[in-house]
Amino acid sequence: MEKEEFPKPNFQDNDSLNHSADIQLSEEEALDLATHLKEKLKAGLPIDADPDSIAAMVAGLGDPRGLLRLRFADSLGSVGQAAVPSLCQAMLLSEQVTVRRAAAKTLTLISDPASLPALVDAFLNDEDSVVQGSAMGAMAAIGTDAVETILSILEKPESSEMQIGLANWALAFIGDRAPEALRDAATSDHPNVRKAAISALGSQIQSLDAQKDRDLLCIALSDSCSEIRSEAVTLIGNLEDAEWGESFLVKALSDSDSWVRKNSALSLMKLGCRSSLPILLKLSEQESDPVVSRVMGLAIDRLQNAKNSH
């Protein structure tokens, strides 16, 4: 996969942005505006989308009262795309972390692909973890149009474990809305991308008709990255298809990685693969990792009990 360049957001040539950061609302003004917005929303009337109105609502995102912030966010969400540039500016440039957080959460309500460059900027560069999480949440809400951008984040060596985890979550949330992009990513040269794609395809792998995804799962069982092999055997355990999955799991019991062996035993137990008992008994005696040995013992006990009950 080619590495995507992240364009910097351009806030020029938009009159509503030149003064939005300068607007300050007193507590009384914020309350009056929030009450007015509540009445309009309740009556089903459109929220004013002129630059001054948008700027005032964005300023309201910094109000210390959570209920009012929520009302301003809902109102900006109702405005939609017209509010995106001001919200992106607030998310990236405001000195108030409360405003940056609220702006990112409000962009989730609008789900506009045009906000992607700003969302990536906030996700990668904001020091606040809530802003990062909300920015990724907004990317997940955008859906298919955000998949390539999220995958490119996974390729960045400077991405933290938390950022990688959030990107994995977003791809899983998007799931079967972008199957082809995820299938392509499952064969990426980058292990983080392959792992995230395999995990995100999990919901589709549940389907008996998803043969393409099962084929990818078989390939993942031989991946050079042990985390991907471990994820693959876990997903096989979620398939509820012991007849198909047992032979793969039995083979994985001899994997060089202890996590793969442990997860394979758990999946065999979950699927109720009683015919795997002889190999589990044999390998449990040879297992050197105490954690894996205990898990194999648990699997053996459960499978034996299930066998005796039939």
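Procedures and definitions
Residues numbered from 1 in each chain as written. Predicted model: local features only at pLDDT ≥ 70, side-chain atom pairs only at ≥ 80, totals over all residues. Heavy atoms only, no water. Helix = DSSP H or I, 4+ residues; strand = E, 2+ residues; numbered from the N terminus. Buried < 20%, exposed > 50% of the residue type's maximum accessible area, 1.4 Å probe, protein only. Areas by Shrake-Rupley, 256 points an atom, 1.4 Å probe, with all protein chains shown as cover. Phe/Tyr/Trp six-rings, centres within 6.5 Å; stacked < 30°, edge-to-face > 60°. Lys NZ or Arg CZ within 6 Å of the ring centre and 35° of its normal. Core = buried A, V, L, I, M, F, W, Y, C linked by side-chain atoms within 4.5 Å. Contact = heavy atoms within 4.5 Å. Salt bridge = Lys/Arg side-chain N within 4 Å of Asp/Glu carboxyl O. Axes fitted to C-alpha atoms, helices over the stretch in contact; angles between N-to-C directions. Parallel < 35°, antiparallel > 145°, perpendicular 65-115°, else oblique. Left-handed = near helix turned anticlockwise from the far one by under 90°. Nonpolar A, V, L, I, M, F, W, Y, C, P; charged D, E, K, R; others polar. Polar contact = N/O pair within 3.5 Å; in protein donor to acceptor, adjacent residues only side chain to side chain. pLDDT = per-residue confidence, 0-100.

Peer 1: What's the story with the overall build of the chain in this structure? I'm lost.
Peer 2: Helices and strands together make up the secondary structure of the chain, namely 19 helices and zero strands. Looking at the 310 residues of the chain, the share that counts as buried comes to 48%. When the accessible surface of the chain is summed, it comes to about 15,200 Å², and 50% of that surface belongs to carbon and sulfur atoms.

Peer 1: Which parts of the structure should I look at to understand the packing of aromatic side chains?
Peer 2: Note on aromatic pairs: each is described by the distance of the centres and the angle between the planes. Summed over the entire model, instances satisfying the criterion amount to two aromatic pairs. Considering the side-chain rings of W244 and F248, the 5.0 Å spacing of their centres and the 55° angle between planes classify their relative orientation as tilted. Taken together, the residues span about one helical turn, with W244 and F248 both in helix α16 (residues 242–252) at a distance of four residues. We classify F248 as partly exposed; its relative accessible area is 27%. Positioned over the ring face of W244 is R214, at 4.8 Å from the centre of the ring.

Peer 1: How do you make sense of the nonpolar core when you look at a structure like this?
Peer 2: Soluble globular proteins: nonpolar side chains tend toward being buried together. Counting 89 residues, the largest nonpolar core has L87, M139, I150, L171 and L280 as its most contacted members. Per-element tally for this core: the top contributor is helix α8 (residues 129–142), with seven residues. If near-sequence neighbours (up to four positions away) are discounted, I150 is found in contact with M136, M139, A167, A170, L171 and I174.

Peer 1: Even after reading the chapter, I still don't get the pattern of salt bridges, so can you show me in this structure?
Peer 2: Proximity of charged atoms lets side chains of opposite charge pair with each other. Tallied over the full model, the rule gives eleven salt bridges. Among the ionic pairs, D126 bridges to R100, the shortest N-O distance being 2.7 Å. One end of the pair, D126, is in the loop between α7 (116–125) and α8; the other, R100, is in helix α6 (residues 97–110), and 26 residues separate them in sequence. Comparing D126 with R100 shows no difference in burial state: the two are buried. The partner of R214 in a salt bridge is D241, with the nearest N and O atoms 3.0 Å apart. Of this pair, R214 sits in helix α14 (residues 211–220) while D241 sits in the loop between α15 (226–237) and α16; the two residues are 27 residues apart in sequence, bridging distant segments of the chain. Here R214 matches D241 in class, with each residue buried.

Peer 1: Quick question: what am I supposed to make of the packing of helix α5 (residues 84–93) against α7 here?
Peer 2: For any two helices packed against each other, the geometry comes down to the angle between their axes and how far apart the axes lie. Between α5 and α7, whose axes approach to 10 Å, the crossing angle comes to 15°. As the angle between them shows, α5 and α7 are arranged roughly parallel. For the pair α5 and α7, the sense of crossing is left-handed. Two secondary-structure elements touch here, α5 through C88, M91 and L92 and α7 through A118, L119, D121 and A122. In terms of residue class, the contact of α5 with α7 is built from six nonpolar, no polar and one charged.

Peer 1: What is the right way to read α7 from this model?
Peer 2: For an α-helix the count is 3.6 residues per turn, leaving residues at separations of three or four pointing the same way. Counting buried residues along α7, seven of its ten residues qualify, which places the element largely inside the surrounding structure. If you check which residues of α7 are buried, you get L116, A118, L119, V120, D121, A122 and F123.

Peer 1: Explanation requested: the side chain of S159 in the structure shown.
Peer 2: Along the chain, the position of S159 falls in the loop between α9 (147–155) and α10 (161–174). Its relative accessible area of 10% is what places S159 among the buried residues. A distance of 2.9 Å separates the side chain of S159 from the backbone oxygen of I153, its partner in a polar contact. Those residues in contact with S159 that sit more than four places away from it in its chain are L124, I153 and I164.

Peer 1: Which parts of the structure should I look at to understand the environment of S222?
Peer 2: Locating S222 in the fold gives a position in the loop between α14 and α15. Note on S222: relative accessible area 61%, which makes it exposed. Measuring from C-alpha to C-alpha, the distance between S222 and A232 comes to 9.5 Å, with ten residues separating the pair along the chain.

Peer 1: Just to check I follow, could you spell out the side chain of D255 for this structure?
Peer 2: Tracing the backbone shows D255 in the loop between α16 and α17 (258–271). Note on D255: relative accessible area 14%, which makes it buried. Only 2.8 Å separates the side chain of D255 from the backbone nitrogen of D257, close enough to count as a polar contact. Dropping the residues within four chain positions of it, D255 is found in contact with R229, V260 and R261.

Peer 1: What should I look at first to understand the confidence of the model for the chain in this one?
Peer 2: Where the model shows low pLDDT, its predicted coordinates should not be examined in detail. When pLDDT is averaged along the chain, the result is 86, and 89% of the positions lie at 70 or above. Between the elements of the chain, mean pLDDT differs from a low of 48, seen in helix α1 (residues 17–20), to a high of 96, seen in α17. Segment residues 1–19 is flagged for pLDDT under 50; beyond a separation of four residues in sequence, or across chains, it makes 39 contacts in the model.

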